[in-house]
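Chains, contacts and geometry: an overview
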Amino acid sequence: MTPPASSGLVSSNRARNLALLAAFLGWMFDGLEMGIFPLIARPALSQMQAQAGIVDAGYVGYWIGNINAFFLVGAALGGLVFGWLGDRVGRVRALSLSILCYSVFSALGYFAQTPMHLGILRFLAALGMGGEWSLGVALVMEVWPEKHRPMLAGVIGAAGNLGFALIAFVGMSFAVTQDTWRYVLLVGLTPALLTLVIRLFVPESEKWKHATAASPTRKPVKEIFAPPLLKYTLIGALLAGVMLIGTWGSVQWLPSWADQMAGPGNPMAKAHTQATSAIGAIFGCLAGAWLGGKVGRRPAYFILCLGSLLSCAWLFRGVDVYGTQFLMLVFLVGALTASFFGWMPLYLPELFPTRVRATGQGFAYNAGRLLAAVGALYAGQLIQVFEGSFAKTGAAISLIYALGLIVIWIAPETKGRPLPE
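Residues numbered from 1 in each chain as written. Predicted model: local features only at pLDDT ≥ 70, side-chain atom pairs only at ≥ 80, totals over all residues. Heavy atoms only, no water.

Section: the packing of helix α1 (residues 13–52) against helix α2 (residues 59–89)
In helix packing, the relevant descriptors are the interaxial angle and the interaxial distance, both defined with respect to the helix axes. One way to put it is that α1 packs onto α2 with a least axis distance of 10 Å and a crossing angle of 140°. Here α1 is positioned oblique relative to α2, judged by the angle of their axes. The handedness of the crossing between α1 and α2 comes out as right-handed. From α1, Met 34, Phe 37, Ala 41, Arg 42, Leu 45, Ser 46 and Gln 49 reach across to α2, where they touch Tyr 59, Val 60, Trp 63, Ile 64, Ile 67, Asn 68 and Phe 71. When its residues are assigned to classes, the contact of α1 with α2 shows ten nonpolar, three polar and one charged. (Axes fitted to C-alpha atoms, helices over the stretch in contact; angles between N-to-C directions. Helix = DSSP H or I, 4+ residues; strand = E, 2+ residues; numbered from the N terminus. Parallel < 35°, antiparallel > 145°, perpendicular 65-115°, else oblique. Left-handed = near helix turned anticlockwise from the far one by under 90°. Contact = heavy atoms within 4.5 Å. Nonpolar A, V, L, I, M, F, W, Y, C, P; charged D, E, K, R; others polar.)

Below, the structure is given as structure tokens:
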């Protein structure tokens, strides 16, 4: 059963542009916050290991996996909580609160003294990051016409990777070492200023106002877990899970792998790797959304999974030295694996009606993060099994893309349909 089509409520050009700007900046800073930990992970955890007097080759990899898992669980919970809040009190109000949440708790990592401190603060920051995605996507897709959705999805996806690249450039401006990693976390306070701008200038979604007036007693969480929306919720979570396990179980380890290969003599290697991956990802996000609009949602997802599977195999199984070939393949892998982040903002809003859209897509996307948290934990354990080898771990985890080649064909094709009302 497909929910009835949109009633066609129209927003002004000013409202559309402000909504897009707010979502773009929110997701850009979201990407910046996500990029902080890969940049500081090895210096921070190595310092904490030395201070604790622990001698264990797998210590850093173990804690990277665990902290990534904390982050992913927090993002999943935040997607549900802030998504529900967005359906109850409005997209704009909830969006500003989510950005404030992730900026403050990320910056508080400056005071962390143990890996567990970092893990807890990453969990709390992730609550806001998980919520921001669903709220920003819902707001933009509800105020812009259907014909612009593929382009907008690519722009939103690219924004996160632009932020990821920006924090990498911060890391390239000075060496992120055991003595300087804390200062990088203070950059996380920057997005807090955006919350005031959003509350003062960005208008609320007219579609959300209309849906609220038509159904004042709605229960969004209950509705997305009951027929007919339950199947969309589960399909969305499964598709997001494949994408996010691949990213967090393998691709997110690239800066740490580069740092390991380059050694202490080249502390910039991790920043160069992160910047290269992020620049590739910007192009990938735009391409992923364009492909979804051109050939259809299902064929596009299949193509993206196939490309990610092959490129990851080439990188993780074919390279063992930091250098030009490594960075070229990092660019390719960054583009292909991040292309899903352009495809997802296009597809998930098309599964849920306006009255529960933020909750539904927030849960689906971030339930995928719960699955990815398992992958991150497993990756941390694999690194210990593989005696600290990031390459062998990435090669094993990236096989998840093979599952996506199959799963996508149980999902509905939504190309050419208006957003459900």
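Next comes the rest of the description.
Structural notes on helix α16 (residues 357–385)
Over its 29 residues, α16 extends 42 Å from the first C-alpha to the last, a length consistent with the 42 Å expected when each residue adds 1.5 Å. Glu 387 lies just past α16 and shows a positive phi near 55°. (Expected span 1.5 Å × (residues − 1).)

Describing the nonpolar core
Residues Leu 239, Leu 315, Trp 343, Met 344 and Tyr 365 are the most contacted members of the largest nonpolar core, which totals 132 residues. With 18 residues, the single largest contributor to this core is α1. Setting aside residues up to four positions removed in sequence, Trp 343 forms contacts with Leu 239, Gly 288, Ala 289, Gly 292, Arg 297, Ala 300, Tyr 301, Leu 304 and Ile 408. (Core = buried A, V, L, I, M, F, W, Y, C linked by side-chain atoms within 4.5 Å. Buried < 20%, exposed > 50% of the residue type's maximum accessible area, 1.4 Å probe, protein only.)

Quick notes on the packing of helix α4 (residues 115–143) against helix α5 (residues 149–173)
α5 packs onto α4 with a crossing angle of 155° between their chain directions and a minimal axis gap of 11 Å. Relative to α5, the element α4 is oriented roughly antiparallel. The crossing of α4 and α5 is right-handed. Contacts between α4 and α5 involve Val 137, Val 140 and Met 141 on the former and, on the latter, Arg 149, Leu 152, Ala 153 and Ile 156. Looking at side-chain class alone, the contact of α4 with α5 contains six nonpolar, no polar and one charged residues.

What to know about the confidence of the model for the protein chain
In this model, the protein chain carries an average pLDDT of 87, and 96% of its residues clear a pLDDT of 70 or more. Scored below 50 in pLDDT, residues 1–8 shows 23 contacts in the model against residues more than four places distant or in partner chains. (pLDDT = per-residue confidence, 0-100.)

Remarks on the pattern of salt bridges
All told, the structure shown has nine salt bridges when counted by the stated rule. Between Glu 350 and Arg 149 there is a salt bridge; the shortest N-O distance is 2.9 Å. Separated by 201 residues along the polypeptide, Glu 350 in the loop between α15 (340–347) and α16 and Arg 149 in helix α5 bring together distant segments of the chain. As far as burial versus exposure is concerned, Glu 350 and Arg 149 are alike and both buried. (Salt bridge = Lys/Arg side-chain N within 4 Å of Asp/Glu carboxyl O.)

As for the environment of Gly 90
Tracing the sequence through the fold places Gly 90 in the loop between α2 and α3 (91–107). For the pair Gly 90 and Ser 398, spaced 308 residues apart in sequence, the C-alpha to C-alpha distance is 38 Å. Beyond its immediate stretch of four places on either side in the chain, Gly 90 contacts Leu 85, Glu 204 and Trp 208.

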